[in-house]
Amino acid sequence: MLADRLDRYIARNVLAAIIVVQFVLLGLDITIAYIGDLGDTQGNYTALDVLLYLGMRLPWRFYQYAPVAVLIGALIGLGSMASSNELTVMRAAGRSLARILWGVMKPVLLVVVVVLLVAEFVSPRTEQFAEAWRLEQRQGEGALLTSRSGWQFEGESVYRFGAIRADNVVLDLTRYRFDERRLIEATHANRAHWEEGAWQLEGVTTTRIFDDHTESAYQERAGWETALTPTQLERLLRDIESQAPSELWAYANFLQSQNLQADQPLLYFWQKVLMPLTMGSLVLIAASFVFGPLRTVAAGTRVFYGVVTGLVFKYVQDLLAPASTIFGFSPVWAVLVPTLACAAVGIYFLRRNG
């Protein structure tokens, strides 16, 4: 019974610290973003709309800052108990270090479940809605869902897409058709509509390229035979970081079916799927700071080292991401290497001082 109470006490302290840190990080980020976005106000897009837009993006920001909040929250929660000698009393009463860590991991598991649910079901939808809403406020109805252009291979054709609107209208579409690497046709359409399960092009100009001349023809409307759907085009043109793990996996499979590199979507997929391991390794680092070399320093110093550790962790992942493409190793290792390194360092210091 006493053991259960101690577990709950440790979990409550750590969870409260994580929540406070998360609120502080979100508050600072939103404040800075709000000041920066005030320069984008125009037309019907007012200062209040900027605040509403940032509010819609809160789930994405929650997901982004969750690992750092877990690291710093675990440091503060455990550090406060260490400063008041509560951890010393627990150890003197026969409480093992592993059991204390289990008490820390319990609230972290709750945070992991919430973060995974947000990443899969909430943030992709709110990000899409927020972006479309902001662009409609600034541009009026039928605004672009995204203004990012994109390229795509399909068979012997290469496509360039200017943008896709929230009503599944593709703008500024160009198709280059090849025959054994020789360009034989270029087609440009002002827009493409998705109607009854098929694409219809509008304002179509087709240029056929021969050895000694070219021929151009214009059509008001024409059909477009392609396996690409509005969902696939949206994934191509939407910011890949905001997509759900299931969407990233489907997009990676689609790229691989077209014999294209899928390293980028796979990298973000593994980052989200392996989030539990990432947070667990950061908790081990936090615990090693409290029980290890930083157990006698001030709480502010521990937090400083925690922030530095979190930044180093992120930068290593960011450096390994392009390295996976250059050196040809799986993107999963770009996520696992810093995670396993953090876990190994944390376990080493805990065993050394436990």
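The structure contained in this document is the topic of the report that follows. (Residues numbered from 1 in each chain as written. Predicted model: local features only at pLDDT ≥ 70, side-chain atom pairs only at ≥ 80, totals over all residues. Heavy atoms only, no water.)

One can describe the packing of helix 6 (residues 230–237) onto helix 7 (residues 245–257) by two numbers: an axis separation of 11 Å at closest approach and a directional angle of 100 degrees. Between helix 6 and helix 7, the angle falls in the class roughly perpendicular. Contacts from Q232, R235 and L236 of helix 6 reach helix 7 at E247, A250, Y251 and F254. Among the residues forming the contact of helix 6 with helix 7, the class breakdown is four nonpolar, one polar and two charged. (Axes fitted to C-alpha atoms, helices over the stretch in contact; angles between N-to-C directions. Helix = DSSP H or I, 4+ residues; strand = E, 2+ residues; numbered from the N terminus. Parallel < 35°, antiparallel > 145°, perpendicular 65-115°, else oblique. Contact = heavy atoms within 4.5 Å. Nonpolar A, V, L, I, M, F, W, Y, C, P; charged D, E, K, R; others polar.)

Another point: the packing of aromatic side chains. One pass over the full model with this rule turns up eleven aromatic pairs. Taken together, the ring pairs connect Y159, F161, W194, W199 and W224 into an aromatic cluster. Over the aromatic face of Y53 sits the side chain of R134, whose NZ or CZ is 4.8 Å from the ring centroid. Its guanidinium or amino end placed over the ring of Y63, K272 lies 5.4 Å from that ring's centre, counting from NZ or CZ. (Phe/Tyr/Trp six-rings, centres within 6.5 Å; stacked < 30°, edge-to-face > 60°. Lys NZ or Arg CZ within 6 Å of the ring centre and 35° of its normal.)

On to the pattern of salt bridges. The final tally for this structure, using the stated rule, is eleven salt bridges. R61 is paired through a salt bridge with D29; the nearest N and O atoms lie 2.3 Å apart. Highlighted residues: R61 in helix 3 (residues 58–83) and D29 in helix 1 (residues 2–37), separated in sequence by 32 residues. Where salt bridges share partners, they join D7, R95, R99 and K106 into one cluster. (Salt bridge = Lys/Arg side-chain N within 4 Å of Asp/Glu carboxyl O.)

Let us look at the packing of helix 2 (residues 47–56) against helix 3. Look at helix 2 against helix 3: their axes get within 5 Å of each other, and the N-to-C directions meet at 50 degrees. Considering their axes alone, helix 2 and helix 3 lie oblique with respect to each other. Between helix 2, through L54, G55 and M56, and helix 3, the contact on the second element is made entirely by L58, P59 and R61. A per-class count over the contact of helix 2 with helix 3 returns four nonpolar, one polar and one charged.

Every buried residue of helix 2 is accounted for by D49, V50, Y53, L54 and M56. Projected down its long axis, helix 2 carries its buried residues within an arc of 155 degrees, all on one side. (Buried < 20%, exposed > 50% of the residue type's maximum accessible area, 1.4 Å probe, protein only. Arc of directions from axis to C-beta.)

Turning our attention to the nonpolar core. If you look at the biggest cluster of nonpolar residues, it comprises 44 residues, and the most contacted ones within it are L78, L87 and M279. The element that contributes the greatest number of residues to this core is helix 3, accounting for twelve residues. Every residue in contact with L87, bar those within four places of it in the chain, is listed here: L78, M81, A82, I100, V290 and F291. Of all hydrophobic cores here, the second largest spans 26 residues; its members include A189, L201, L236 and F269. (Core = buried A, V, L, I, M, F, W, Y, C linked by side-chain atoms within 4.5 Å.)

The phi dihedral of N85 is positive, around 65 degrees, even though this residue is not glycine. On the secondary structure map, N85 appears in the loop between helix 3 and helix 4 (86–92). Non-glycine residue E180 carries a positive phi angle of around 55 degrees. Take E180: it is sitting in the loop between strand 4 (169–179) and strand 5 (182–195).

Inspection of the sheet shows strand 4 paired to strand 5 by ten bridges, in the antiparallel sense. Its bridge partner lying in strand 5, R175 is registered against T187. Count of turn residues in the strand 4/strand 5 antiparallel hairpin: two residues, of which E180 carries a positive phi of about 55 degrees. One ladder, built from ten bridges, connects strand 5 with strand 6 (residues 198–209); its direction is antiparallel. In the sheet register, W194 faces strand 6, and the bridge partner there is W199. Where strand 5 hands over to strand 6, the hairpin turn is made up of two residues, of which E196 adopts a positive phi near 55 degrees. (Pairing = 2+ DSSP bridges.)

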